Amino acid sequence: MSSSQASLLLQKQLKDLCKNPVDGFSAGLVDEKNIFEWSVTIIGPPDTLYEGGFFNAIMSFPSNYPNSPPTVKFTSELWHPNVYTDGRVCISILHPPGDDPNGYELASERWMPVHTVESIVLSIISMLSSPNDESPANVEAAKEWRETRDEFRKKVSRCVRKSQEMF
């Protein structure tokens, strides 16, 4: 798929999201001239430790989207087992298509061109609701999640408060 086809697909997905907003997040372009970089705000899901937070992220799409996945990086501070300390999100559907060289994931769990911005963000919201500590991006957060849940809660609460102040 050419970058012009990727651009048309992203324009359509943005238009669809503007016409039919989805609960739990908002999305737009970082710069109106660049369809390949989106600004996303995810609202902490109800009944989770992240409830009430407003977490900003940048979603960057490759020129061969949807054949390859975008990257998602939180610009808001977020303490989570599946988010690297630099903010990059690590979930299966954002991993390149095909077999996992490490054997942790099935090909069906990884990126597929049928995914949309909506399905990606809904997967991230789901990740906030139920962290995967078996294959963490942030080992320290995963360890706290498993062993010292109170410490984990305190750090997440700080992130939620900080996100509310920044909003």
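Residues numbered from 1 in each chain as written. Predicted model: local features only at pLDDT ≥ 70, side-chain atom pairs only at ≥ 80, totals over all residues. Heavy atoms only, no water.

Focus: the UniProt feature "active site" (unreviewed entry) in the protein
Let me state the cut-off plainly: UniProt positions are given in the numbering used here, feature names are shortened, and annotations may be inferred rather than shown by experiment. The way it works is that DSSP assigns letters per residue, a run of H or I at least four long becomes a helix, a run of E at least two long becomes a strand, and they are numbered from the N terminus. Contacts are assigned to residue pairs with any non-hydrogen atoms lying within 4.5 Å of each other.
In the numbering used here, UniProt assigns the "active site" (unreviewed entry) feature to Cys90. Counting through the fold element by element, cysteine 90 comes out in the loop between strand E4 (71-74) and helix H2 (117-129). Those residues in contact with cysteine 90, other than ones at most four positions away along the chain, are Asn82, Tyr84, His95 and Ala137.

Overview of the UniProt feature "domain: UBC core" (unreviewed entry) in the protein
Within the UniProt annotation, "domain: UBC core" (unreviewed entry) is assigned to residues 5-165. Helix makes up 34% of residues 5-165 and strand 14%, and the two end C-alpha atoms of the span are 39 Å apart.

Here's the deal with the sheet that holds strand E1 (residues 25-29)
What counts is decided by this rule: Pairs of strands are assigned from DSSP output, requiring at least two bridges between the strands. Angles shown run from 0 to 180 degrees and are taken between the N-to-C directions of axes, each axis being a line fitted to C-alpha atoms and, for helices, limited to the stretch in contact.
If you walk across this open sheet you meet the 4 strands as E1-E2-E3-E4, and the pairing is antiparallel. Unpaired on one side and paired on the other, E1 and E4 mark the two borders of the sheet. Across this sheet, the average inter-strand angle for adjacent strands is 25°, counted without regard to direction. Against the sheet, helix H1 (residues 3-19) makes contact with E1 and strand E2 (37-43), and its axis sits at roughly 135° relative to E1, the strand it touches most.

As for unusual backbone geometry
Here is the rule: The classification of residues rests on relative accessible area computed with a 1.4 Å probe and restricted to protein chains. Under 20% of the type maximum is buried, over 50% is exposed, and intermediate values are partly exposed.
Note that the residue after tyrosine 65, namely proline 66, is joined by a cis bond; omega there is 10°. In this structure, proline 66 sits in the loop between strand E3 (54-60) and E4. With phi around 60°, aspartate 47 is a residue other than glycine that occupies positive phi space. Secondary-structure assignment places aspartate 47 in the loop between E2 and E3. In this structure aspartate 47 comes out as exposed when scored by relative accessible area, which is 75%.

A word on the environment of isoleucine 42
By the element assignment, isoleucine 42 lies in strand E2. In sequence terms isoleucine 42 and serine 135 are 93 residues apart; their C-alpha atoms lie 23 Å from each other.

Observations concerning the nonpolar core
What counts, and what does not: Side-chain atoms within 4.5 Å are what join buried Ala, Val, Leu, Ile, Met, Phe, Trp, Tyr and Cys residues into a set we call a nonpolar core.
Membership of the largest hydrophobic core comes to 41 residues, with the highest contact counts inside it found for Trp38, Ile42, Met59, Phe74 and Ile124. Mapped onto this core, the elements with two or more residues apiece are H1, E1, E2, E3, E4, H2, helix H3 (139-147) and helix H4 (149-166). Broken down by element, this core gets its largest block of residues, 7 residues, from H2. With residues up to four places along the chain from it excluded, the contact list for methionine 59 reads Phe36, Glu37, Trp38, Val40, Pro70, Thr71, Val72, Val117, Ile120 and Val121.

What to know about the packing of aromatic side chains
The criterion, for reference: Aromatic contacts are taken between Phe, Tyr and Trp rings whose centres are within 6.5 Å, Trp giving its six-membered ring; a plane angle under 30 degrees counts as stacked, one over 60 as edge-to-face, and the others as tilted.
On inspection of all chains with the given rule, the structure shows 5 aromatic pairs. Judged by centre distance (4.9 Å) and plane angle (75°), the ring pair of phenylalanine 61 and tyrosine 65 falls under edge-to-face. Across the pair, exposure class does not vary: phenylalanine 61 and tyrosine 65 are buried alike. Through successive ring pairs, a cluster of aromatic residues spans Trp38, Phe61, Tyr65 and Trp111.

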